[in-house]
Amino acid sequence: MSEDPGAARRARMDALRAQEAAKAKRRKLLIFGGGGLAVLVVVGLVLGLTLSSSSSSKSSTATSAGSAGFCGNVAAGSPNNKQWANPPALSIDTKATYTATLKTSCGDIGLKLDAQHAPQTVNSFVFLAKQGFFDHTKCHRLTTAGIYVLQCGDPTGTGTGGPGYKFNDEYLNDPAIQGGTYPAGTLAMANSGPNTNGSQFFLVYKDSQLSANYTPFGTITSGLDILNRIAAGGTDSSNGQGDGHPNDNVVINSVMAAKQ
């Protein structure tokens, strides 16, 4: 029996569409938006993305169940929701080494902060940590396909919150991210566009394809195994995209930041 030219052509088109879909997923950019709107950029197009009430309800159920599992060490308390009109004045020593420990409900994650190349970012992070801003906040977003990050730092847990101020990007010429990959172990800022940094940050647990638009301001020195364990728990994503609230109850109980 001779081959049907039309069927072969359709098969080639289906294969091409599948390839393009895979490329688009890899090019997802991780950003958050203020003003009640979270946004996702895919192939340069800005699309609105809000967490629906059904998704929030689903997340609450999942995290409640997760509290009895791996991430079960949740300290009592609530975010303080402090707000400031302007970024803090630069008070860190840019020639010194700063470290931080995220004491989470899943275990401690150690960080080394890059005060030399990202002074304003590290200054803000250290300031917020000392203000207890991150205490009792949930890590609200986990991605497990295309990009591999855990996003935290929003006291509202919605992806739209922040400290009330914004500051400029730094060190986007870092050679480590210029090739379009944020390596595993990177600590970077989330944003809603150029120079809109606030308090949200993300932890890269596996090499992730991202344009160099997000300020890298440190590295993960311990706890990658914890992040991978969280990732293995999956997300509440209902569309199979691997992008949603973590199924486990990932809470930052406190953050200790200090000059070495």
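Peer 1: It is not clear to me how the state of the cysteines should be interpreted in this structure. Could you clarify?
Peer 2: Here, the word disulfide means a covalent bond between the sulfur atoms of two cysteines. Tallied over the entire structure, the rule returns two disulfides. The partner cysteine of Cys139 in its disulfide is Cys152, sulfur to sulfur 2.1 Å. Taking the sign of the torsion about the S-S bond as the criterion, the disulfide between Cys139 and Cys152, at about 100 degrees, is right-handed. Of the two residues, Cys139 sits in the loop between strand E5 (137–138) and strand E6 (141–143) while Cys152 sits in strand E7 (residues 149–152), which places them 13 residues apart along the sequence. Take Cys152: its relative accessible area is 1%, and that puts it in the buried class. Cysteine pairing in the chain follows 1-2, 3-4, where each cysteine in a disulfide is numbered by its order in the sequence.

Peer 1: Please explain helix H3 (residues 119–130) as it appears in this structure.
Peer 2: Residues spaced three or four apart along an α-helix point in a common direction, a consequence of the helix completing one turn every 3.6 residues. Helix length check: H3, at twelve residues, gives a terminal C-alpha distance of 16 Å against a target of 16 Å (1.5 Å per residue), a fit within 8%. The element H3 is largely enclosed, with a buried count of nine among its twelve residues. Buried residues in H3 make contact with strand E3 (98–104), strand E4 (107–113), strand E9 (186–189), strand E10 (201–204), strand E12 (216–222) and strand E14 (251–259). Positioned one or two residues after H3, Gly132 has a phi angle of 70 degrees, which is positive.

Peer 1: Which parts of the structure should I look at to understand the side chain of Arg141?
Peer 2: Within the secondary structure, Arg141 sits in strand E6. Residue Arg141 is classed as buried on the basis of its relative accessible area of 10%.

Peer 1: Looking at this structure, I do not really get the packing of aromatic side chains. What am I missing?
Peer 2: The way to describe two aromatic rings as a pair is by their centre distance and the angle between their planes. For the coordinates displayed, the defined rule picks out twelve aromatic pairs. A centroid spacing of 5.0 Å and a plane angle of 70 degrees characterise the contact between Trp84 and Phe127, whose relative ring orientation is edge-to-face. Note that Trp84 is positioned in the loop between helix H2 (53–66) and E3 and Phe127 in helix H3, a separation of 43 residues in sequence. Here the aromatic rings of Trp84 and Phe133 are separated by 6.0 Å at their centres, their planes lie at 55 degrees, and the arrangement is tilted. Here Phe133 lies in the loop between H3 and E5 and Trp84 lies in the loop between H2 and E3, a separation of 49 residues in the sequence. Judged by its relative accessible area of 0%, Phe133 falls in the buried class. A network of ring pairs unites the aromatic residues Trp84, Phe125, Phe127, Phe133, Phe134, Phe201 and Phe217 as a single cluster.

Peer 1: Would you mind going over the pairing of E12 with me for this structure?
Peer 2: The two faces of a sheet get side chains in turn, since along a regular strand they alternate between them. In terms of strand pairing, E4 meets E12 through four bridges, oriented antiparallel. Across the sheet, the residue bridging to Lys112 is Thr219, located in E12. Pairing of E9 with E12, which is carried by three bridges, proceeds in the antiparallel orientation. Counterpart to Ala188 in the pairing with E12 is Pro216.

Peer 1: What's the story with the nonpolar core in this structure? I'm lost.
Peer 2: One recurring pattern in soluble globular proteins is that nonpolar side chains are buried together. Leu111, Leu113, Phe125, Phe201 and Leu203 are the most contacted members of the largest nonpolar core, which totals 41 residues. Here the element with the most residues in this core is H3; it accounts for five residues. In contact with Phe125, other than residues within four places in its own chain, are Ala100, Leu102, Leu111, Leu113, Phe134, Phe201, Phe217 and Val255. Core analysis: the second largest hydrophobic core is formed by ten residues, Ile177, Tyr182, Val204 and Leu210 among them.

The rules behind the values
In this convention, every chain numbers its residues from 1, walking through the sequence in written order. Local features in this predicted model are restricted to residues of pLDDT 70 or higher, and side-chain atom pairs are both shown and tallied only at a pLDDT of 80 or more, whereas totals for entire chains, interfaces and linings draw on every residue. Hydrogens and water molecules were not included; the side-chain quantities draw on all heavy atoms of the structure. We call a pair of cysteine sulfur atoms a disulfide whenever their separation is within 2.5 Å. Counting from the N terminus, the helices are the DSSP runs of H or I reaching at least four residues and the strands are the DSSP runs of E reaching at least two. Burial classes: relative accessible area under 20% of the type maximum marks a residue as buried, over 50% as exposed, and values in between as partly exposed (1.4 Å probe, protein chains only). Helices are assigned an expected span. That span is 1.5 Å times one less than the residue count. Contacts are assigned to residue pairs that have any heavy atoms within 4.5 Å of one another. Paired rings are identified among Phe, Tyr and Trp, the last through its six-membered ring, by centres lying within 6.5 Å, and are further divided according to the angle between planes into stacked (under 30 degrees), edge-to-face (over 60) and tilted (the rest). Strand pairing is assigned whenever DSSP identifies at least 2 bridges connecting the two strands. Take the buried residues of types Ala, Val, Leu, Ile, Met, Phe, Trp, Tyr and Cys, join any two whose side-chain atoms come within 4.5 Å, and each joined set is a nonpolar core.

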